[in-house]
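Below are the chains, spelled out letter by letter.
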Amino acid sequence: GAVVSQHPSWVICKSGTSVKIECRSLDFQATTMFWYRQFPKQSLMLMATSNEGSKATYEQGVEKDKFLINHASLTLSTLTVTSAHPEDSSFYICSARDGREQYFGPGTRLTVT
Amino acid sequence: DQQVKQNSPSLSVQEGRISILNCDYTNSMFDYFLWYKKYPAEGPTFLISISSIKDKNEDGRFTVFLNKSAKHLSLHIVPSQPGDSAVYFCAASGTGKLIFGQGTTLQVKP
């Protein structure tokens, strides 16, 4: 299957700082990428759809000014958590669409202290 | 409003036997369904998918069945292996976005 990478795999930051997470499709081009968040023992919650060359589409309840998404190329999307708070601590996962399938990155564990 | 439901939070089977994971959906606009396997602190791994124009898709030990009239799909794993122990998510798509079920934790006992 197609390979999607995420960087970093884990990050610890202080409240008020910003953190950037990268998502790359390694062996295919993805015009559409998705960002998810998963709380412990819960399902994946779609945060936003990232489209190359255009603005991201955010799901209801997700603050677009807090979770900045940039999809500057066909292989890279970034999620920046701005002014992070402890409640933003979570497991963030990206996916890239290839046809009808979506392939997921390994996830990024964010801890805000 | 949970559009995709996996009503069994956990399932335990003996190695070599069949594992059957179930998933129900409510939105008749869904036309593509996928199953993912997930380990803790990792991203989901794609297993198998099925289009709504089919009722069965098979790939090795994995078979997905779709019953559109009942809005139900299932994943069969046979024979089950201890390495199959993980959380399994079903997902449905109609507009490109995936809607995930809550997941079922499968434990395969040696």
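Residues numbered from 1 in each chain as written. Chains lettered and ligands numbered in written order. Predicted model: local features only at pLDDT ≥ 70, side-chain atom pairs only at ≥ 80, totals over all residues. Heavy atoms only, no water.

Colleague: Any chance you could explain the interface of chain A and chain B here in plain terms?
Modeller: It is common to give the size of an interface as the accessible area that goes away when the parts come together. Between chain A and chain B, the contact holds 20 residues from the first and 19 residues from the second. Considering only the surface of chain A that becomes buried against chain B, Arg100, Glu101 and Phe104 of chain A emerge as the three largest contributors, covering 35% of it. Put simply, Lys97 of chain B and Glu59 of chain A hold a salt bridge, and the shortest N to O gap is 3.1 Å. Across the contact surface, chain A and chain B share 8 residue pairs in polar contact (both at pLDDT 80 or more). At 4 residues, the largest contribution of residues to the side of chain A that touches chain B is made by strand S10 (residues 101-104) of chain A. The class makeup of the residues in the side of chain A that touches chain B is 9 nonpolar, 7 polar and 4 charged. (Contact = heavy atoms within 4.5 Å. Buried area = accessible area lost by both parts, 1.4 Å probe. Salt bridge = Lys/Arg side-chain N within 4 Å of Asp/Glu carboxyl O. Polar contact = N/O pair within 3.5 Å; in protein donor to acceptor, adjacent residues only side chain to side chain. Helix = DSSP H or I, 4+ residues; strand = E, 2+ residues; numbered from the N terminus. Nonpolar A, V, L, I, M, F, W, Y, C, P; charged D, E, K, R; others polar.)

Colleague: Any chance you could explain the state of the cysteines here in plain terms?
Modeller: Note on terminology: a disulfide is the covalent bond linking the sulfur atoms of two cysteines. Applying the stated criterion across every chain, the model contains 2 disulfides over all chains. The disulfide that involves Cys23 of chain B links it to Cys90 of chain B, with 1.9 Å between the sulfurs. What sets the handedness of the Cys23 of chain B and Cys90 of chain B disulfide is the S-S torsion sign, and at about 60 degrees it is right-handed. Here Cys23 of chain B, found in strand S3 (residues 19-25), pairs with Cys90 of chain B, found in strand S9 (residues 86-93); they are 67 residues apart in sequence, far enough to count as distant. The structure places no disulfide on Cys13 of chain A, whose sulfur is separated from the nearest cysteine sulfur, that of Cys94 of chain A, by 18 Å. Assessed through its relative accessible area of 8%, Cys13 of chain A is described here as buried. (Disulfide = S-S within 2.5 Å. Buried < 20%, exposed > 50% of the residue type's maximum accessible area, 1.4 Å probe, protein only.)

Colleague: I would appreciate a short explanation of the nonpolar core in the present structure.
Modeller: In a soluble, globular protein the nonpolar side chains are often hidden away together inside. Of all hydrophobic cores here, the largest spans 26 residues; its most connected members are Val4, Trp35, Phe67, Leu79, Tyr92 and Leu110 of chain A. Elements supplying a minimum of two residues to this core: strand S2 (10-13), strand S3 (19-25), strand S4 (32-38), strand S5 (44-51), strand S7 (67-73), strand S8 (76-81), strand S9 (90-98) and strand S11 (108-112) of chain A. Among residues more than four places away in sequence, those in contact with Phe67 of chain A are Arg37, Met47, Tyr58, Val62, Leu79, Thr80, Val81, Asp88 and Tyr92 of chain A. Core analysis: the next-biggest nonpolar cluster, separate from the first, contains 23 residues, Phe33, Val64, Leu66 and Leu73 of chain B among them. (Core = buried A, V, L, I, M, F, W, Y, C linked by side-chain atoms within 4.5 Å.)

Colleague: What is the right way to look at the pattern of salt bridges in this model?
Modeller: Pairing between side chains of opposite charge can happen when their charged atoms approach one another. All names here are of chain A. Evaluated as defined, the whole model comprises 6 salt bridges over all chains. As a salt-bridge pair, Lys66 and Asp88 come within 2.8 Å of each other at their nearest N and O atoms. Residue Lys66 is located in the loop between strand S6 (57-58) and S7, and its partner Asp88 is located in the loop between S8 and S9; the two are separated by 22 residues in the primary sequence. In this structure Asp88 comes out as buried when scored by relative accessible area, which is 5%.

Colleague: How should the sheet that holds S3 of chain A be read in this particular structure?
Modeller: Paired through their backbone hydrogen bonds, the strands of a sheet run either parallel or antiparallel. Residues and elements named next belong to chain A. Strand order in the open sheet made by the 4 strands is S1-S3-S8-S7, with antiparallel pairing throughout. Only two strands of the sheet have a single partner each, and these edge strands are strand S1 (4-7) and S7. Taken over all neighbouring pairs, the strand axes of this sheet differ in orientation by 15 degrees on average, direction set aside. Relative to S3, S1 runs antiparallel, the two being bridged by 4 bridges. Residue pairing in the sheet places Gln6 in a bridge with Cys23 of S3. (Pairing = 2+ DSSP bridges. Axes fitted to C-alpha atoms, helices over the stretch in contact; angles between N-to-C directions.)

None of the figures reported here should be taken as evidence of function without further support.
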